[in-house]
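Observations on chain architecture
These are the residues of each chain, in order.
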Amino acid sequence: MRSRTFLIDGQVDARAIAAEVVRAGGDPKTLEEHGRVVAVTATLDDASTARVSRLPGVSRVLSAPVAWPKVARRGPATRLVEVGAEVGAERVAIGGDRPVIIAGPCAVESAEQLEACARAIAACGGRLLRGGAYKPRTSPYAFAGHGVAGLRLLREIADRHRLAVVTEVLDPRDVDAVAEHADVLQIGARTMSDFALLRAVGAVDKPVLLKRSPSATLDELLHAAEHLATAGARDIVLCERGVRGFDPAARNLVDVAAVPLLRMRTDLPILVDPSHGVGVREAVLPIAAASIAAGADGVMVECHPDPGVARSDGPQALTLDALPRLFAQVDAIAFAVRLAPSAASGAIAAE
Ligand code: PEP
Ligand code: MN
């Protein structure tokens, strides 16, 4: 007899699964998410486990308790995160067949700067505009963003170009203002484990982009995602953005292996941010390409009309004329990966 967790996929009635567990002599404990049972745990023998695992809706059986059941992989498909419905723009799907590219400046600096970025992104077929209105900065003396004025600019300029807005929220007190203007709330690397922030963001009904801290294990990242899910977040996207390395040649060390290793564990969409990952403009396209080849659902990059005068992260910002190459390259590699799926999507294994 061993403890088993049956993960449930789809809209099945979990009572039939719990009833079968009871028939087999088990005592089912259910885990709910948004009023739906997503897992049933019980101690069963092997024959009963096999019987229950074949019931409709049971997508996976875990033999060890999983610490993040709400974000654990339930089935072969990636959970689609649809973005942008509320602004009247067409919805963009993160985690679907086509990779997404989120692009924009590190910080919203001016209407002219953001307008130039948005126009260039839209011209490439981009759908998602990023930009910080609240900037986490290492130095307390550095430019920390324009706050609500930056949020308004993001919304106004994104709407003009039919783009969705991705922007960071740093402080639980700003969550409502950010949610009012943004389509995706970003939790940055520095606040990945700020549990008050995770709770506040999770309680808002908006997609969340959760970045990995440079010192977090994948398990800690998935725990942070579970905090969001427990607080009510339905749509969570993970983002690898480099871990702390030893070589100052790069700002961080992009953990490309995190993509397949996360894939095995979770069916949440996975992005990579090569800009903060490498910190060197010339390396951003190659690492974006490597990320898509590793199976990422997309990338997030920083760009600027004049990186030399950027108020933050200029050295890693792509110039706007590099964007068409980025978009073309990401599409071409994603196409190649689909033709040879074992290259990047063979990593979906059991526990
Ligand atoms: C950002 O994407 O704006 C950012 C600050 O990145 P990170 O949290 O990964 O450092
Ligand atoms: Mn930045």
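Residues numbered from 1 in each chain as written. Chains lettered and ligands numbered in written order. Predicted model: local features only at pLDDT ≥ 70, side-chain atom pairs only at ≥ 80, totals over all residues. Heavy atoms only, no water.

With respect to the overall build of the chain
A tally of helices and strands in the chain yields 12 helices and 15 strands. A principal-axis box enclosing the C-alpha atoms of the chain has dimensions of 70 × 45 × 40 Å. Here the chain holds 351 residues, and the buried ones make up 54% of them. For the chain, the accessible surface area stands at approximately 14,700 Å², while carbon and sulfur atoms represent 54% of it. Computed over 40 positive and 42 negative side-chain charges, the separation of the two mean positions in the chain equals 2 Å. (Helix = DSSP H or I, 4+ residues; strand = E, 2+ residues; numbered from the N terminus. Buried < 20%, exposed > 50% of the residue type's maximum accessible area, 1.4 Å probe, protein only. Areas by Shrake-Rupley, 256 points an atom, 1.4 Å probe, with all protein chains shown as cover. Lys, Arg positive; Asp, Glu negative; His and termini not counted. Charge placed at Lys NZ, Arg CZ, Asp CG, Glu CD.)

Quick word on the domain arrangement of the chain
How big an interface is tends to be reported as the loss of accessible area on association of its parts. Here the domain parsing of the chain yields domain 1 (2-62) and domain 2 (81-346). Placing the centre of domain 1 and that of domain 2 at their C-alpha centroids yields a distance of 36 Å. (Domains from an automatic or database assignment.)

Overview of helix H8 (residues 258-265)
Taken as a whole, H8 has its buried residues at Ala258, Val259, Leu262 and Arg263. Along the axis of H8, the buried residues cluster in a sector spanning 135°; they form a single face. Where H8 is buried, its residues touch helix H7 (218-231), strand E12 (236-240) and strand E13 (270-272). (Arc of directions from axis to C-beta. Contact = heavy atoms within 4.5 Å.)

So, the state of the cysteines
Counted under the stated rule, the structure contains zero disulfides. Cys124 takes part in no disulfide bond, and the closest cysteine sulfur to it belongs to Cys303, at a distance of 9.1 Å. Free of any disulfide, Cys303 has its nearest cysteine sulfur in Cys117, 4.1 Å distant. (Disulfide = S-S within 2.5 Å.)

Points about the sheet that holds strand E3 (residues 36-44)
Read across the open sheet, the four strands follow the order E2-E3-E1-E4; overall the sheet is antiparallel. Since the sheet does not close on itself, it has two edges, and those belong to strand E2 (29-33) and strand E4 (58-62), each with one partner. Neighbouring strand axes in the sheet, compared pairwise and without regard to direction, differ in orientation by 20° on average. Examined bridge by bridge, E2 and E3 share five bridges and lie antiparallel to one another. Among the inter-strand pairings, Thr30 is bridged to a residue of E3, identified as Val40. Across the sheet, helix H1 (residues 15-23) is in contact with strand E1 (2-8), E3 and E4; its angle to E3 comes to roughly 10°. (Pairing = 2+ DSSP bridges. Axes fitted to C-alpha atoms, helices over the stretch in contact; angles between N-to-C directions.)

Considering the site of ligand 1
The local shell around ligand 1 consists of Arg130, Lys135, Pro136, Glu168, Gln186, Gly188, Ala189, Arg190, Lys211, Arg241, His276 and Met300. Between an oxygen atom of ligand 1 and a side-chain N or O atom of Arg190, the distance comes to 3.1 Å. One of the side-chain N or O atoms of Arg241 is found 2.6 Å from an oxygen atom in ligand 1. Taken by itself ligand 1 offers 300 Å² of open surface, and the protein chains cover 97% of this. The residue makeup of the shell around ligand 1, split by class, is three nonpolar, three polar and six charged. (Near = heavy atom within 4 Å. Polar contact = N/O pair within 3.5 Å; in protein donor to acceptor, adjacent residues only side chain to side chain. Nonpolar A, V, L, I, M, F, W, Y, C, P; charged D, E, K, R; others polar.)

With respect to the side chain of Arg241
Assignment of secondary structure puts Arg241 in the loop between E12 and H8. Salt bridges are absent for the buried Arg241, whose nearest opposite-charge side chain, Asp273, sits at 5.7 Å. Not counting the four nearest positions on each side in its chain, Arg241 is found in contact with Ala189, Lys211, Arg212, Pro214, Asn252, Asp273, His276 and Gly277. (Salt bridge = Lys/Arg side-chain N within 4 Å of Asp/Glu carboxyl O.)

Let's talk about the pattern of salt bridges
Under the criterion given, the structure shown has 22 salt bridges. Across the salt bridge formed by Asp205 and Arg234, the nearest N and O atoms sit 3.6 Å from each other. Separated by 29 residues along the polypeptide, Asp205 in the loop between helix H6 (195-202) and strand E11 (208-211) and Arg234 in the loop between H7 and E12 bring together distant segments of the chain. We note that Asp205, like Arg234, is exposed. Connected through shared salt-bridge partners, Glu115, Arg119, Glu156 and Arg160 make up one network.

Overview of the pairing of strand E7 (residues 100-104)
Each regular strand displays side chains that alternate between the two surfaces of the sheet. For E7, the tally of buried residues reaches five of five residues, placing the bulk of the element in the interior. Here E7 shows two buried faces, one formed by Val100, Ile102 and Gly104 and the other by Ile101 and Ala103. Where E7 and strand E14 (residues 298-304) come together, five bridges link them in parallel fashion. For Ile101, the partnering residue across the bridge sits in E14 and is Val299.

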